[in-house]
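Chain and residue survey
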Amino acid sequence: MGAYLVRRLALMVLTLFGMSVVIFVLLRIVPGNIADILFDSAGMVDPAEKARIVAELGLDQPIAAQYLKWIGGLFQGDLGYSYLSEKPTIEEIAPRIPITAKLALLALIFSTVIGVPLGVISAVRQNSGLDYVIRVLSLSGLSLPSFWLGLLILMAAVRYFGDIPIYTRTPASLWDELLLYSLPAAAVGFRSSALVMRLTRSSMLEVLRQDYIRTARSKGASAAAVNFNHGLRNAVLPVITIIGIEAAFLLGGLIVTETVFNIPGVARFLVEAIRWRDYPIVQNLVMFIALVVVVVNLIVDLLYSALDPRIRYAD
Amino acid sequence: MTDSRIDFTAADHAAELARAGAHVTGWRGATLLLIRRYPLGAIGAVIFTLFVFAAVFADVVAPMDPLSTNSRASLAAPSATYLLGADFMGRDVFSRLVYGARISLAVGLGATALGCLFGILVGLLSGYLGGWIDLVVQRVIDIMQSLPLLVMALVMAASLGPSLRNTIIAIAIPLVPNVARVIRSNTLSLREMPFVEAARAVGMGELRIALRHVLPNTLAPIIVLATAQLGSTILTEASLSFLGLGVPEPHPSWGRMLSESAAEYVRTAPWLVIFPGVAISLIVFGTNLLGDAVRDILDPRQRS
Amino acid sequence: MVVQSASASAALDDGVVLDVRGLKTYFYTRQGLLKAVDDVSFAVRKGETLAIVGESGCGKSITALSLIRLVPTPPGRIVGGAVSLAGTDLLRLDEKAMRGVRGNDISMIFQEPMTSLNPVMTIGRQIGEALILHQGLTRAAALARAVEMLQLVRIPEPEQRARDYPHQLSGGMRQRAMIAMALACNPKVLIADEPTTALDVTIQAQILDLIVDLQRQLGTAVILITHDLGVVAETAQRVIVMYAGRKVEEAPASELFARPLHPYTSGLMASIPRLDLIRGHVEAGRLQEIPGMVPALTDLPTGCAFAPRCQFAVDRCHADYPPYEEKRPGRWAACWRSDELYGAAHA
């Protein structure tokens, strides 16, 4: 177990290192930096001014030097300054994280609570009318763009509450907050719940075909006992993996959802930073997202081994 | 499932056999059987075909030029002239949706094909050759998979710059690791198959074995994977364009039609919000239905 | 068609635990109607071992599953017959009542000990499950009883093994655990579907010995499904030979091996490397196989199903299905040429 953990952690570091190189290079092969954008769109014209900005941000140095400066700073806890706001990157990113984290958590709860039971029902009643309804529902979950679903929800809000919910102010109470956040969480969680449901269904169907299910039936166990004690206990293992992966990957869906609902979280912030070529924000944020993904993956694998007696990471 | 109560009278052999699809002959009969067995897949095929038709014959189907503006028709509500209304610049929404099918399908099919092509190549090499190549590929895949697909596509799209071609590439690249993984694991098991050993025994070259024996046997998973990915690439294009980092003007992209209208039109011109979303959802829904049926047909493990 | 569906054993003495009459299980498939079990009758008595023998696809496993009504539906369906257990026709019970029979009165051991046990549940819990269900034991009592059962099937360190998961046990140990599970509620009938096929040869003998021993101890009736005549010779008192969904021969084991009355049976015997079993017309010391393949059940010939592979087949065999009849006392077979080939009755 210890050796396994050490190997996994080493691979994680390697992955993050690779990601840091990739994101750094990718950002710098983009034609145009923030100075160009400022001068193109903001109507600045003085070339000397532009050169001064470029030099001040270190954009005239070789890429390798810029990279080392960034990584060196990272190890000292210095994430640099946002080009745009000129505030420390950490101060820009940190306050936005809890907002996105709350949304992701709500969406995840939503998708698990809805996805798992529907998946089980759909598998147990395979090819019944109910199965078809659930399958169509879940497929539509995978088909509706979450930003459109968000827009539809806003439309409904306008119609029933007279206005669009506002996310920039601090909510009055926990209840208000929950209510406010559950709208975008549903918009993004619908897709995840569809994924969870589909995986639960196929995993359950796979398990229900196994010989040990027949054994359980031959012992005289009832359908419910067979489905839950023998079926779900086995089927739930891959489902945990997908829920874990979704936890990290919800960020993708949150990018558009936060944009639609105008929520000041990290996901929308990433898009804004990309648009403005605000390198310090983009690269640090991407590294943060990658860190979350690899850590969640590790947690999922450890959880899996705890739940499946066949898997022991002995080597 | 087992019969809960045995009902001998229900043993109507002819009806039971018809349900099971016995005595089906000819391609017409086989098609009908497929439709009956996979009704959802058939619906998906119809939806998908309709969109392909609209895309191919957009010049005939669309009543107006999707790009011509008309200030007097700005934000016109749906009417006989403007079937689905007009946008802020007075362009016909219906015509733009019809032409948008071209963009959506071009990016969807293009990115899926490109991503699968590279994924197959990488997966085949990695799985078949093994050794240090495999190790390196595995680590690169780890890196690429450490970002959510949309985030990866977003970064790619931003660094490549906005154009139709670049959008296709930006969406294709995050697909590569997914495809490569599946192909690699398939290749690994195929490599140990007796017929591969036999080919080696008669002195067939490794490259030839890989192309002649291993690749054709990964065809079914590739088709399943490709149809499953198609819906998600179409959605990714819509998301990228919605965020303003996808297909640029003047192409009528469904995703951008929504971003242009987004929140403010929620109150004033809901048709600008509803119809492009319906188009995206429908085509992805159709593709997903089709993809599910294809998987059920080709993947024997999923069969019931 | 003298007494087509009557069972040979019906005429025998009492003590019958399970009486199967005219069982028909059909499969409705794309390829057509598949008569997996077609009019099969037999009875099994207390403490007796009845073997059902045949090549794979002859319907023997579906027969076994039909008895406890676990035929996969669709595509399969029991369409006729009666399975009487102590006077109750199991085919007419509702599902709830049937559940009370499974694992309690009739239990089953399957071929694959590797896949037939739930991988995420301990052995002890899996054995105890039937006890909790049928005897209302508490979890702790069931576990204690499970340990006793493990001891009964001669698994060393039973307390320890009861806490193990299936993957921690060897194939032979798992099959012992399966037997313990099946016998936990002391059933009247034990169906063993190819219980040794997936095991090593040395383990096979141990498992068979164990089944025979326990049967003697507990007086259980055993229905042994196998394709291996060697297994039959070691364990069974009576044998049914099935071909293409039907019974083709039935006899006491010793008599069957001494003189088969159906060319298929003698073909089966000729194809196993057991010289002491091979008598009759087949040349000793020479291993033979039955030419041809088992016919597709959807496309059976009009006459005798075995005729296309039978070296003795004549026109009549191809034209009409032979009646299943008593060729001599206690000896039943379905073959037109049985008398001329193997000697007439009372010869």
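The rules behind the values
By convention here, each chain's residues receive numbers from 1 onward along its written sequence. By the order in which they are written, chains take letters starting at A while ligands take numbers starting at 1. Since the coordinates come from a predicted model, pLDDT governs what is reported: local features require at least 70, and pairs of side-chain atoms require 80 or more to be given and counted, while whole-chain, interface and lining totals use all residues. In computing side-chain properties, one takes all heavy atoms of the structure into account and sets aside hydrogens as well as water. UniProt positions are given in the numbering used here, feature names are shortened, and annotations may be inferred rather than shown by experiment. Here the term patch refers to residues with relative accessible area over 30% and no salt bridge, with like charges joined within 9 Å and nonpolar side chains (Val, Leu, Ile, Met, Phe, Trp, Tyr) within 5 Å. Areas reported as accessible are Shrake-Rupley estimates using a 1.4 Å probe. Residue values count occlusion only from the protein chains shown. Salt bridges are defined as contacts in which a side-chain nitrogen from Lys or Arg sits within 4 Å of a carboxyl oxygen from Asp or Glu. Runs of H or I in DSSP of at least four residues are treated as helices and runs of E of at least two as strands, each being numbered from the N terminus. Where each domain starts and ends follows an automatic or database-derived domain assignment. A residue's pLDDT is the predictor's confidence in that residue, given on a scale from 0 to 100. Note on contacts: a residue pair is in contact if any heavy atoms of the two residues lie within 4.5 Å. Each residue gets one of three labels from its accessible area relative to the maximum for its type: buried under 20%, exposed over 50%, partly exposed in between, using a 1.4 Å probe on protein chains only. To qualify as a nonpolar core, a set must consist of buried Ala, Val, Leu, Ile, Met, Phe, Trp, Tyr and Cys residues joined through side-chain atoms within 4.5 Å. The term buried area denotes the loss of accessible surface (1.4 Å probe radius) that occurs when two parts are joined, taken as the sum for both partners.

By the naming in an unreviewed UniProt entry, chain B goes by ABC transporter permease and is assigned to Vineibacter terrae. Entered under Sequence similarities (unreviewed entry) in the UniProt record, the comment concerning chain B runs "Belongs to the binding-protein-dependent transport system permease family."

The name that an unreviewed UniProt entry assigns to chain A is ABC transporter permease, with the source organism given as Vineibacter terrae. One UniProt comment on chain A, placed under Subcellular location (unreviewed entry), says "Cell membrane". Turning to chain A, the UniProt record has this under Sequence similarities (unreviewed entry): "Belongs to the binding-protein-dependent transport system permease family."

1. With respect to a nonpolar patch on the surface
Residue and element names in this part refer to chain A. Together, Phe 17, Val 21, Val 25, Ile 29 and Ile 63 line one region of the surface with nonpolar side chains, adding up to about 410 Å² of accessible area. The element best represented in the nonpolar patch is helix α1 (residues 2-28), accounting for three residues. Structurally, Phe 17 is set in helix α1.

2. Section: the UniProt feature "transmembrane region" (unreviewed entry) in chain A
Residues and elements named next belong to chain A. With numbering aligned to this structure, UniProt lists the feature "transmembrane region" (unreviewed entry) at residues 9-30, 103-124, 136-158, 178-199, 235-261 and 281-304. With 91% helix and 0% strand, the stretch residues 136-158 has end C-alpha atoms that lie 28 Å from each other. Secondary structure across residues 178-199 divides into 100% helix and 0% strand, with the first and last C-alpha atoms of the span separated by 28 Å.

3. Some points on the domain arrangement of chain A
Parsing chain A into structural domains produces domain 1 (2-93) and domain 2 (97-264). One C-alpha centre belongs to domain 1 of chain A, the other to domain 2 of chain A; they are set 36 Å apart.

4. Observations concerning the confidence of the model for chain B
Residues and elements named next belong to chain B. Across chain B, the average pLDDT comes to 82, with 89% of residues at 70 or higher. Mean pLDDT values for the elements of chain B range from 68 in helix α1 (residues 13-20) up to 91 in helix α3 (residues 39-56). Segment residues 1-5: pLDDT under 50, and 19 contacts once partners within four positions in sequence are set aside and those in other chains are kept. Under the prediction, the complex receives an ipTM of 0.84, its pTM being 0.80.

5. Things to note about the environment of Ile 106 of chain C
Note that Ile 106 of chain C resides in strand β6 (residues 106-109). A relative accessible area of 0% means that Ile 106 of chain C is categorised as buried. Considering only alpha carbons, one finds Ile 106 of chain C and Val 189 of chain C, 83 residues apart in sequence, at a separation of 4.7 Å. Residue contacts for Ile 106 of chain C: discarding those within four places in its chain leaves Ser 218 of chain A together with Leu 18, Leu 67, Ile 68, Leu 85, Leu 90, Val 101, Pro 187, Val 189 and Ile 191 of chain C.

6. Focus: the UniProt feature "transmembrane region" (unreviewed entry) in chain B
All names here are of chain B. Mapped onto the present numbering, the UniProt feature "transmembrane region" (unreviewed entry) falls at residues 38-58, 103-128, 140-160, 222-248 and 268-291. A distance of 20 Å separates the end C-alpha atoms of residues 140-160, which is 81% helix and 0% strand. Secondary structure over residues 222-248 splits into 78% helix and 0% strand, and the C-alpha atoms at its two ends are 31 Å apart.

7. Re the nonpolar core
Buried together is how nonpolar side chains tend to be arranged in soluble globular proteins. Among the nonpolar cores identified, the biggest contains 124 residues, and Phe 147, Ile 255 and Leu 270 of chain A together with Leu 154 and Trp 254 of chain B are the most heavily contacted of them. Per-element tally for this core: the top contributor is helix α13 (residues 279-307) of chain A, with 13 residues. Here this core spans two domains, and each of domain 1 (2-93) and domain 2 (97-264) of chain A adds at least three residues to it. Beyond its immediate stretch of four places on either side in the chain, Ile 255 of chain A contacts Ala 267, Arg 268, Leu 270 and Val 271 of chain A together with Leu 150, Val 151, Leu 154 and Leu 243 of chain B.

8. Focus: the interface of chain B and chain A
Facing 49 residues of chain B, the contacting portion of chain A comprises 56 residues. Between chain B and chain A, roughly 4,400 Å² of surface is buried when both sides are summed, and carbon and sulfur atoms account for 72% of that area. At the surface where chain B touches chain A, the tally comes to one salt bridge. A salt bridge links Asp 292 of chain B to Arg 198 of chain A, with the shortest nitrogen-to-oxygen separation between them at 2.8 Å. At the level of elements, α3, α6 (131-144), α7 (149-160), α11 (219-242), α12 (254-268) and α13 (270-298) of chain B are the ones that each hand at least two residues to the side of chain B that touches chain A. Among the elements that take part in the side of chain B that touches chain A, α13 of chain B stands out by supplying 14 residues, more than any other.

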